[in-house]
Amino acid sequence: MSMGSAWVLGATGQIGRAAVRALVEDGWEVTAASRGGGRDERWDGAVRAVALDRNEDGALAAALGDGCDVLVDAVAYGADHARQLTGLADRIGSAVVISSGAVYADEQGRGFDTQDEPDGAPRYPVPIPETQCTVPPGDATYATRKVRLERELLAAGEALPVTLLRAGAIHGPYCRSPRELYFVKRVLDGRARRVLAFGGASRFHPVHVSNLAELIRLSARRPGSRVLNAGDPQAPTVAEIGEAVDAVLGRRTEDVLMAGAPGKDGVGSTPWTIAHPVVYDMAAAERELGYRPVTGYVESLPETVEWLAGRLEGRDWTEAFPVLLRSYGKQLFDYDAEDAWLEAYDRGA
């Protein structure tokens with residue numbers, strides 16, 4: 001029995017690939033829309049793939065035709081995309097839109113955008129509920145654009161029921177900026193030691209793409225206007241993540257723990273490094289959707305590591321993951337700076 005018609009925007013991205021599979025398995029008739037109109041080899045043959053640039057004026061409206069029962073938007077940012085969806089409310093039964101946990105602010109108004117400023121690191125409650133305040137809406141940063149997206153969509157009310165999923169640090173295959181590369185590449189390069197700032201205790205809540213897809217599937221089944229966190233059942237420390245990667249690769253790396261923040265040379269910094277923990281409360285998703293995670297961080301890691309190693313084979317990491325390079329820069333693997341720091345550390349300097 002068909003659940004109805006579903007559209008997925010950004011279908012060939014990391015989230016979209018998994019969302020298409022989850023919806024098909026749940027009985028939806030899925031149209032997978034992406035700029036290139038490509039397919040994932042793991043999709044069911046019944047999936048209809050279409051080429052669509054949602055930023056072209058009128059393109060989404062023309063492609064939707066008579067509409068769909070649910071639209072999943074994995075690539076929405078800012079007011080323009082929100083208004084694009086609300087303008088088609090008469091043709092969309094409900095929507096599931098990916099937001100981000102980066103929208104949260106602490107009680108002093110500090111958020112991810114102030115993370116690297118002196119004394120600017122936010123201190124969130126642990127865990128963070130969806131009722132926690134957010135940064136102001138705007139167009140200046142990733143976080144402020146996501147807040148503006150959320151508010152524009154929620155303002156539609158019953159005209160367009162929208163579930164907004166505030167995702168943590170997304171991981172799994174097909175990630176364009178995979179944080180796990182930080183540890184995988186070091187092991188493959190034979191690095192015997194790694195330096196971790198804040199004593200290796202940083203916690204930045206991850207969410208595996210299959211858990212995110214499960215939240216999408218459940219939200220499609222139960223339309224409503226709401227905001228929900230999206231996280232794994234565990235929020236491991238950065239040191240625990242490194243140990244888990246070592247275990248997958250059958251290696252052991254010595255952690256050298258830096259007491260405070262990373263230096264200006266970037267030594268000790270990782271894609272998870274933050275001064276205070278970021279852990280999302282998943283109680284609302286469990287209560288409202290009956291959500292149960294599909295996998296945990298450690299259980300999901302072997303597939304991710306295998307995919308990363310395959311992508312690196314015969315290529316420099318900057319070629320394999322240009323988005324990661326733009327996000328973190330070459331400091332991510334500045335071994336000369338690390339070796340200089342370790343030499344001074346060994347001397348007791």
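Residues numbered from 1 in each chain as written. Predicted model: local features only at pLDDT ≥ 70, side-chain atom pairs only at ≥ 80, totals over all residues. Heavy atoms only, no water.

J.: Describe the packing of helix α5 (residues 181-188) against helix α7 (residues 238-249), and please don't skip the residues or the numbers.
T.: The description of two helices packed together rests on the angle between their axes and the distance between the axes. One way to put it is that α5 packs onto α7 with a least axis distance of 9 Å and a crossing angle of 45°. Put simply, α5 runs oblique to α7. Here α5 and α7 pass one another in a crossing that is right-handed. Contacts between α5 and α7 involve Phe183, Val184 and Val187 from the former and Val238, Ile241, Gly242, Val245, Asp246 and Leu249 from the latter. For the contact of α5 with α7, the class distribution of residues is seven nonpolar, one polar and one charged. (Axes fitted to C-alpha atoms, helices over the stretch in contact; angles between N-to-C directions. Helix = DSSP H or I, 4+ residues; strand = E, 2+ residues; numbered from the N terminus. Parallel < 35°, antiparallel > 145°, perpendicular 65-115°, else oblique. Left-handed = near helix turned anticlockwise from the far one by under 90°. Contact = heavy atoms within 4.5 Å. Nonpolar A, V, L, I, M, F, W, Y, C, P; charged D, E, K, R; others polar.)

J.: How would you summarise the packing of aromatic side chains if you had to cite specific residues and measurements?
T.: As enumerated under the stated definition, the model contains twelve aromatic pairs in all. Through successive ring pairs, a cluster of aromatic residues spans Tyr182, Phe183, Trp272, Trp317, Phe333 and Tyr335. Against the face of Phe333 rests Lys185, its NZ or CZ located 5.4 Å from the ring centre. Between Arg311 and the ring centre of Phe321, over which it is positioned, the NZ or CZ distance is 5.4 Å. (Phe/Tyr/Trp six-rings, centres within 6.5 Å; stacked < 30°, edge-to-face > 60°. Lys NZ or Arg CZ within 6 Å of the ring centre and 35° of its normal.)

J.: Before we move on, could you go through unusual backbone geometry and cite the residues and values that matter?
T.: Pro127 follows Val126 through a cis peptide bond whose omega is -5°. Even without glycine at this site, Tyr174 takes up a positive phi of about 70°. Within the element layout of this structure, Tyr174 appears in the loop between β7 (169-171) and α5. The partly exposed category is assigned to Tyr174, whose relative accessible area is 23%. (Buried < 20%, exposed > 50% of the residue type's maximum accessible area, 1.4 Å probe, protein only.)

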